[in-house]
Amino acid sequence: MNVTIFSSEHELNEAAAQLIAGLVIAKPDAVLGLATGSTPIGIYRELRRAYERNIVSFRRVRTFNLDEYVGLGENHPQSYRHYMNEHLFRHVDVPPENIHIPDGTAADLAEECRRYDRLLDQAGPIDLQLLGIGHNGHIGFNEPNGELASRTHVTELNAQTRNANARFFQTMDEVPTHAITMGVGDILKAKTVVLVAKGADKADILCRALTGPITTDCPASLLQTHPHLIVLADAEAGRLLR
Ligand code: F6R
């Protein structure tokens, strides 16, 4: 495990974007595992800048997003497909056919999960998986549980996650109850995992995930078993790791 704590969020964003862009420069057809949420927004901004300055092209990159809300389609402003279009995809040259995000509006969600895993198997392993961490230790939408699913599946979002994500919706009733998420096995198969944490509210869970017991009660703790885990934290989130 390689942990770096940055004194500013900007430095963290730059370092994460450099890791991703550096990989794509070295391996133009890299498979990227991407995350949504607040954490990667500044990283995607730096990647757009690198693209605009002709430092990197995404023309041959293939992308797989971790998760998508059940019931929210591309045109819903809170769908992760919409998020990715707004923060990255529509600004860079990644071909639409190389972009993969679970379809939360699929009529047959179980088949959609199987389809996603088939695509992952064909393209994978993921070269670099970008991750945020939930306050309850979730990665993707793998919530703390007695057991964790290895592969892509439909999951029920727990109250803490729905409350945390309510800030993006008008009312609590609009916050989706379910999501499709890649499983923990899918995540751990990535060659490199880059876990990013920002803000004081992530300090406790980040410390627990990286230094506490490996347990399904804290799905991010399973990352301790990954042979190539890179952790990038700002000073607030990394406070307890010093
Ligand atoms: C998003 C995802 C989630 C988030 C986590 C942290 O695709 O898979 O695990 O990374 O909920 O969210 P933020 O970054 O909003 O604190």
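Here, every reference points to the structure presented above.
These numbers come from a predicted model, not from an experiment.

J.: Account for the sheet that holds strand β4 (residues 67-69), naming residues and giving values.
T.: With antiparallel pairing, 3 strands are arranged side by side in an open sheet as β4-β8-β7. Strands with a single pairing partner mark the edges of an open sheet, and in this sheet they are β4 and β7 (153-156). Each strand of the sheet is rotated relative to its neighbour by a mean of 30°, with strand direction disregarded. Bridge count for β4 against strand β8 (residues 178-181) is 3 bridges, and the pairing is antiparallel. Paired with E68 across the two strands is I180, which belongs to β8.

J.: So, the pattern of salt bridges: which residues are in play, and what are the values?
T.: The final tally for this structure, using the stated rule, is 11 salt bridges. Here D127 ties to K27 by a salt bridge, and the two come within 2.8 Å at their closest N and O atoms. Of this pair, D127 sits in the loop between α4 (109-123) and β6 (128-131) while K27 sits in the loop between α1 (9-26) and β2 (31-34), and the two are 100 residues apart along the sequence. What makes D127 buried here is its relative accessible area of 6%. Classification of K27 by relative accessible area gives partly exposed; the value is 29%. Here the residues in one salt-bridge network are D117, D121, R151 and D186, joined through shared partners.

J.: Would you mind going over the packing of aromatic side chains in detail, with residue names and values included?
T.: Enumeration according to the criterion identifies 7 aromatic pairs in this entry. Plain terms: the ring middles of Y69 and Y80 are 4.7 Å apart, the flat faces sit at 40° to each other, and that makes the pair tilted. A residue pair is termed long-range when its members are at least 10 positions apart, and Y69 in strand β4 and Y80 in helix α3 (residues 80-87) qualify at 11 residues. Between Y80 and F141, the aromatic rings sit 6.1 Å apart at their centres with planes inclined by 15°, giving stacked as the arrangement. In this pair, Y80 sits in helix α3 while F141 sits in the loop between β6 and β7, placing the two residues 61 residues apart along the sequence. Since its relative accessible area comes to 9%, Y80 is described here as buried. Taken together, the ring pairs connect Y44, Y69, Y80, Y83, F141 and F169 into an aromatic cluster.

J.: Would you mind going over the packing of helix α2 (residues 41-52) against α3 in detail, with residue names and values included?
T.: In a packed pair of helices, the relevant descriptors are the angle between the two axes and the axis-to-axis distance. At a closest axis distance of 10 Å, the pairing of α2 and α3 adopts a crossing angle of 40°. What the angle tells us is that α2 and α3 run oblique. Two secondary-structure elements touch here, α2 through I41, Y44 and R48 and α3 through Y83, M84, E86 and H87. Taken together, the residues of the contact of α2 with α3 break down into 4 nonpolar, 1 polar and 2 charged.

J.: Describe the sheet that holds β6, naming the residues involved and giving the relevant values.
T.: Taken together, the 7 strands give an open sheet; going across it, the order is β1-β10-β9-β6-β2-β3-β5, and neighbouring strands pair in parallel fashion. For this open sheet the edge positions go to β1 (2-6) and β5 (99-100), each flanked by a neighbour on one side alone. Taken together, the 2 bridges between β2 and β6 define a ladder with parallel strand orientation. Note that in β6 the partner of L32 across the bridge is L128.

About the thresholds
Residues numbered from 1 in each chain as written. Predicted model: local features only at pLDDT ≥ 70, side-chain atom pairs only at ≥ 80, totals over all residues. Heavy atoms only, no water. Pairing = 2+ DSSP bridges. Helix = DSSP H or I, 4+ residues; strand = E, 2+ residues; numbered from the N terminus. Axes fitted to C-alpha atoms, helices over the stretch in contact; angles between N-to-C directions. Salt bridge = Lys/Arg side-chain N within 4 Å of Asp/Glu carboxyl O. Buried < 20%, exposed > 50% of the residue type's maximum accessible area, 1.4 Å probe, protein only. Phe/Tyr/Trp six-rings, centres within 6.5 Å; stacked < 30°, edge-to-face > 60°. Parallel < 35°, antiparallel > 145°, perpendicular 65-115°, else oblique. Contact = heavy atoms within 4.5 Å. Nonpolar A, V, L, I, M, F, W, Y, C, P; charged D, E, K, R; others polar.

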